[in-house]
Amino acid sequence: MRKLMIVVGGSLALAAPLADADVLGVGANVSYWDSDFSGEVVNKDSAVDIEKDLNLDSDSNANFTAFFEHPIPVLPNVRLNYTSISQSGRGEIGLEAFDDIPVGAEVKSDLDIDQLDVTLYYEVLDNWVNLDLGLTARRFDGELVLRDQTPLSTKVSETSVDAVVPMGYLAARFDLPLTGVSVGAEGNFISYSGDSLHDFNAYGQYEFAMLQLRAGYRQMSIDYEDDDDKLDVEMSGPFASVGVAF
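Residues numbered from 1 in each chain as written. Predicted model: local features only at pLDDT ≥ 70, side-chain atom pairs only at ≥ 80, totals over all residues. Heavy atoms only, no water.

## Some remarks on the packing of aromatic side chains
- Throughout the structure, instances matching the rule amount to four aromatic pairs.
- Ring centres of Phe189 and Phe200 lie 6.2 Å apart, and the angle between their planes is 10 degrees; on these two criteria the pair is classed as stacked. Residue Phe189 is located in strand S9 (residues 181–192), and its partner Phe200 is located in strand S10 (residues 195–208); the two are separated by 11 residues in the primary sequence.
- Using a relative accessible area of 26% as the deciding quantity, one classes Phe189 as partly exposed.
- Taking 5.5 Å as the distance between ring centres and 35 degrees as the angle between the ring planes, the aromatic pair formed by Tyr206 and Phe208 counts as tilted.
- Overall, the relative accessible area of 39% leaves Tyr206 in the partly exposed class. (Phe/Tyr/Trp six-rings, centres within 6.5 Å; stacked < 30°, edge-to-face > 60°. Helix = DSSP H or I, 4+ residues; strand = E, 2+ residues; numbered from the N terminus. Buried < 20%, exposed > 50% of the residue type's maximum accessible area, 1.4 Å probe, protein only.)

## Concerning the pairing of strand S12 (residues 229–245)
- Note that strand S1 (residues 25–33) and S12 share seven bridges and pair antiparallel. If you follow Trp33 over to S12, its bridge partner there is Phe239.
- The pairing of strand S2 (residues 36–43) with S12 spans eight bridges and is antiparallel. Bridge pairing in S12 places Val42 opposite Lys230.
- Alignment of strand S11 (residues 211–226) against S12, held across 16 bridges, turns out to be antiparallel. Bridging across to S12, Gly216 finds its partner in Phe239.
- What sits between the antiparallel neighbours S11 and S12 is a turn of two residues, in which Asp227 has the positive phi angle 55 degrees. (Pairing = 2+ DSSP bridges.)

## Examining the environment of Ser86
- Within the secondary structure layout, Ser86 lies in strand S5 (residues 77–92).
- Look at Ser86 and you get buried, because its relative accessible area is 19%.
- Each C-alpha atom of the pair Ser86 and Asn61 lies 6.4 Å from the other, and the pair is 25 residues apart in sequence.
- A distance of 3.1 Å separates a polar atom in the side chain of Ser86 from a polar atom in the side chain of Asp112. (Polar contact = N/O pair within 3.5 Å; in protein donor to acceptor, adjacent residues only side chain to side chain.)

## Quick look at the pattern of salt bridges
- Taken as a whole and assessed by the stated rule, the structure comprises 10 salt bridges.
- A salt bridge links Glu186 to Arg79; the nearest nitrogen and oxygen atoms lie 3.0 Å apart. Placement of Glu186 in strand S9 and of Arg79 in strand S5 is noted, with a sequence separation of 107 residues between them.
- Note on Arg79: relative accessible area 10%, which makes it buried. (Salt bridge = Lys/Arg side-chain N within 4 Å of Asp/Glu carboxyl O.)

## Remarks on the confidence of the model for the protein
- Per-residue pLDDT for the protein has a mean of 88; in total, 90% of the residues score no lower than 70.
- Predicted confidence for residues 1–18 stays below pLDDT 50, and this span has 44 contacts to residues more than four positions away or in other chains. (pLDDT = per-residue confidence, 0-100. Contact = heavy atoms within 4.5 Å.)

## Focus: the pairing of strand S7 (residues 129–148)
- Two strands pair when backbone bridges link them, and strand S6 (residues 106–126) and S7 are joined in this way by 19 bridges, in the antiparallel orientation. What sits directly across from Asp110, in S7, is Val145.
- Hairpin connection, S6 to S7: the antiparallel pair is bridged by two residues.
- In terms of strand pairing, S7 meets strand S8 (residues 156–176) through 19 bridges, oriented antiparallel.

## A short note on a negative patch on the surface
- Judged by side-chain charge, Asp45, Glu225, Asp227 and Asp228 come together as a negatively charged surface patch.
- Structurally, Asp227 can be placed in the loop between S11 and S12.
- Of the residues examined, Asp227 reaches a relative accessible area of 49% and is grouped as partly exposed. (Patch = residues over 30% accessible without salt bridge, like charges linked within 9 Å, V, L, I, M, F, W, Y side chains within 5 Å. Areas by Shrake-Rupley, 256 points an atom, 1.4 Å probe, with all protein chains shown as cover. Lys, Arg positive; Asp, Glu negative; His and termini not counted. Charge placed at Lys NZ, Arg CZ, Asp CG, Glu CD.)

Following this line, the structure appears as C-alpha cells:
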C-alpha cells in the first residue's frame, strides 16, 4: 500500500502559543453520527457509485474523543479521536462491470472506514472566545467488499486504501457567559497532489458540572488514491455526544 506522508506549512505550523491553560484539564466524549454516503469507489479504472448502485445503509458510526491540556507554555496540548464507520447494503452493478463483477449483477456490499487522529494543538485564545490551532496525524483504513449474489458465482471484489496523513487542525468555540451554553466548530483538512481530506463539524453545547451535552452536524470527505484503488466519498449528517471534562 502507498503511504501518503506530506508536510503542512504556513500559518498552521506549530508555533509558540498565545494563551495557555491555567490548570490541568482532561476530558472525553462518545458520540453517534447518523451519516449519509455519496460518491464512488474505483478499482483498476472501473468505478461503482456507492449510493445509486450499492444502496448502502448505515449500520454504525461511532466516535470517541479524549483530550489533555496543561499550563506548560512550550508543549502542545494533545487530542485523540477515533471514528469507526460501517455501512452495508444490497444493490446492482450499473452500466459497466466492476472488478470482474459483470454489469447488472446483484451484489452485497460492506464498506468500513476506521480513523485514528493524534492532534497536537495550542490554545491561541482561552476566555469566552476559544481558539485552538494545531496539526493532526490521521491514520485511516478504508475497505469496500462486494460479493456477487448471482447463483453459483463466487466472485468477490476487495478495494482498499491505507494512509497516514498530516492535516491542519482548527477549533473555535463561543461561550455565552453564565449560561453553560456554547456554540462552536472544528475541523481537519489537507489537499495535496490530487488527494484531499476534509472533516468539519459545527455544534451547540450545554455544560453543567462536569457533564457536556453536544449536538451538531458533521461533514467528511475523502478523495484518496492508493495504487489502483481510489476512495472518493462524502459523508454528512447530524451527531449527538455526551462527555465529561475535569
